[in-house]
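Residue-level listing of the chains:
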Amino acid sequence: MRWLLRRSSRKAVAGFGSRGSFSLFEVGFSEVRRSVATSCRAVLLPRFGGPEVLELRDNVSVPDLKPNEVLVRARAVSINPLDCRMRQGYGRSLFKPLLPLILGRDISGEVASVGSSVHSLGVGQEVFGALHPTAVRGTYVDYAILAEDELVSKPESISHVEASAIPFAALTAWRALRSTANIKPGQRVLVLGGGGAVGFSAIQLAVAVGCHVSTTCGGESVGRMLAAGAEQAVDYTTEDCEVSIKGYFDAVLDTIGVPETERIGVNLLKRGGHYMTLQGEAASLTDKYGMVVGLPMSTAILLQKQMQYRYSHGIEYNWTYMRADGEGLEEIRRLIEAGKLKVPVEKTFPITQVREAHEAKDERLIFGKVVLELD
Ligand SMILES: NC(=O)c1ccc[n+]([C@@H]2O[C@H](COP(=O)([O-])OP(=O)(O)OC[C@H]3O[C@@H](n4cnc5c(N)ncnc54)[C@H](OP(=O)(O)O)[C@@H]3O)[C@@H](O)[C@H]2O)c1
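Residues numbered from 1 in each chain as written. Predicted model: local features only at pLDDT ≥ 70, side-chain atom pairs only at ≥ 80, totals over all residues. Heavy atoms only, no water.

**Student:** Just give me the short version of the overall build of the chain, but keep the residues and values in it.
**Tutor:** Of the regular secondary structure elements, the chain holds eleven helices and 21 strands. By its C-alpha atoms, the chain is 70 × 45 × 40 Å across when sized along the principal axes. Considering only contacts within the chain whose residues lie at least 6 apart along the sequence, 65% involve residues at least 24 apart. Per element, the accessible surface of the chain, about 16600 Å² overall, is 53% carbon and sulfur. A distance of 3 Å separates the average location of the 43 positive side-chain charges in the chain from that of its 42 negative side-chain charges. (Helix = DSSP H or I, 4+ residues; strand = E, 2+ residues; numbered from the N terminus. Contact = heavy atoms within 4.5 Å. Areas by Shrake-Rupley, 256 points an atom, 1.4 Å probe, with all protein chains shown as cover. Lys, Arg positive; Asp, Glu negative; His and termini not counted. Charge placed at Lys NZ, Arg CZ, Asp CG, Glu CD.)

This is the structure in structure tokens:
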């Protein structure tokens, strides 16, 4: 056995000062290597606001692992709309007392250390996965901590950048289509807003199950939707969706979730079908009225809508939220390996340019997926 204590070199990083030093203990057995970082770089959110509030800091401490947790050396973390919304104050009723937060849900990297009860993953293994939406210590860090069931081994066929773009979006789609609607081969699925990461994942998941898929998207996305197996892709910028979308559906996933798409979605469902929107109101109502009033209010609104649509249309109405799901993540990995699931990455930024990356997303300068790379 040999012990090594290494200290990283200090290196200038444009815009954010110097890179943090961290202790790296490597315990070398003949085939086992354990690395434990005690501090690392992290992008902190000290207060809510624009991209300028993000601070890349050195020497942010890495907490000890709980038995079921895994320390991941991050190589790539993707930006989800939730990151930008959290930065602006979405979920403030929950997150404000917990500031400073670390943003980021998705990650791809290598296992640096594992908790005592982790058996499915080992040190050095390449993994990818996503944190739960309410996690306070996110993935915009050199060393992220995720639960064992939030990670699986990364398919060798894709890079860390490509892998980091997938889990949060695909698990959201999985939750809606598999856990809620329980889609089956031969059923008809409509994805309203198929151009984004969740919508595009949903199309591919439904096609892989053997469903007939229709979608709406911007004109530039039509070809990509059809190539992924959608039988109909309606350009909502030039066509009347209500007229153009043919037939009735067993499940509708609405990634846009405005009153117009809700109306179209519920009207195109068969009796007993599932309408699922990604724009549930629980967080926004809680932010507006506080936990004590907002939470029961959102539950009441959801129940009222569920009853209303059951009575008027005979359908099931749901707010869909991403949730960690080890089984879902494993299936997502299998689909990636089979070449049946991918999320295109439009641009990468080094983590040192996290502000510029958020600015580009805020100003809609980049429509597709943006990934932050960590060296
Ligand atoms: N409830 C939850 O747990 C949950 C989880 C994840 C996301 N969400 C929410 O769901 C919504 C969608 O999330 P997302 O991650 O799918 O967002 P996204 O990837 O940023 O996509 C958003 C939109 O951007 C457009 N777009 C994406 N790629 C494009 C490209 N290459 N070219 C042109 N346009 C492109 C698409 O519009 P077109 O249709 O015009 O192509 C798409 O609808 C967001 O509001 C997000 O906050 C909710």
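**Student:** Mind laying out a negative patch on the surface, listing which residues take part and the relevant values?
**Tutor:** A cluster of like negative charges, contributed by Glu52, Glu356, Glu359 and Glu363, occupies part of the molecular surface. Relative to the elements of secondary structure, glutamate 356 occurs in helix H11 (residues 354-362). Judged by its relative accessible area of 41%, glutamate 356 is partly exposed. (Patch = residues over 30% accessible without salt bridge, like charges linked within 9 Å, V, L, I, M, F, W, Y side chains within 5 Å. Salt bridge = Lys/Arg side-chain N within 4 Å of Asp/Glu carboxyl O. Buried < 20%, exposed > 50% of the residue type's maximum accessible area, 1.4 Å probe, protein only.)

**Student:** Describe the UniProt feature "domain: Enoyl reductase (ER)" (unreviewed entry) in the chain, listing the residues and the values that go with them.
**Tutor:** In this structure's numbering, the residues bearing the UniProt feature "domain: Enoyl reductase (ER)" (unreviewed entry) are residues 49-372. Along residues 49-372, the helical share is 35% and the strand share 27%, with 20 Å between the first and last C-alpha atoms. (UniProt positions renumbered as here; feature names shortened; annotations may be inferred.)

**Student:** Tell me about the domain arrangement of the chain, and please be specific about residues and values.
**Tutor:** On domain assignment, one finds that the chain holds domain 1 (2-165 + 344-373) and domain 2 (169-319). Inter-centroid distance (C-alpha atoms) of domain 1 to domain 2 is 30 Å. Across the contact, nine residues belong to domain 1 and nine residues belong to domain 2. Both sides of the domain 1 and domain 2 interface together cover about 730 Å² of buried area, and 57% of this is carbon and sulfur. Of all residues in domain 1, Tyr90, Ser93 and Pro344 give up the largest surface area on contact with domain 2, accounting jointly for 51% of the area buried on that side. Our count for the domain 1 to domain 2 interface comes out at zero salt bridges. In this assembly, domain 1 and domain 2 are joined by three residue pairs in polar contact (both at pLDDT 80 or more). Ranked by residues supplied to the side of domain 1 that touches domain 2, first place goes to helix H2 (residues 92-95) with three residues. (Domains from an automatic or database assignment. Buried area = accessible area lost by both parts, 1.4 Å probe. Polar contact = N/O pair within 3.5 Å; in protein donor to acceptor, adjacent residues only side chain to side chain.)

**Student:** I'd like a description of the site of the ligand, backed by residues and values.
**Tutor:** Among the 22 residues in the neighbourhood of the ligand, the closest are listed as Ala197, Val198, Ser221, Tyr236 and Met322. In the environment of the ligand, a nitrogen atom lies 3.4 Å from a nitrogen or oxygen atom belonging to the backbone of glycine 195. A distance of 3.5 Å separates a nitrogen atom of the ligand from a polar side-chain atom of glutamate 346. For the ligand, whose accessible area on its own is 890 Å², the fraction buried by protein is 82%. Where the shell around the ligand is concerned, the elements lending two or more residues are helix H1 (81-88), helix H4 (167-180) and helix H5 (197-209). Residues of the shell around the ligand, tallied by class, amount to ten nonpolar, nine polar and three charged. Counting the residues that make up the shell around the ligand, at least three belong to each of domain 1 (2-165 + 344-373) and domain 2 (169-319). (Near = heavy atom within 4 Å. Nonpolar A, V, L, I, M, F, W, Y, C, P; charged D, E, K, R; others polar.)

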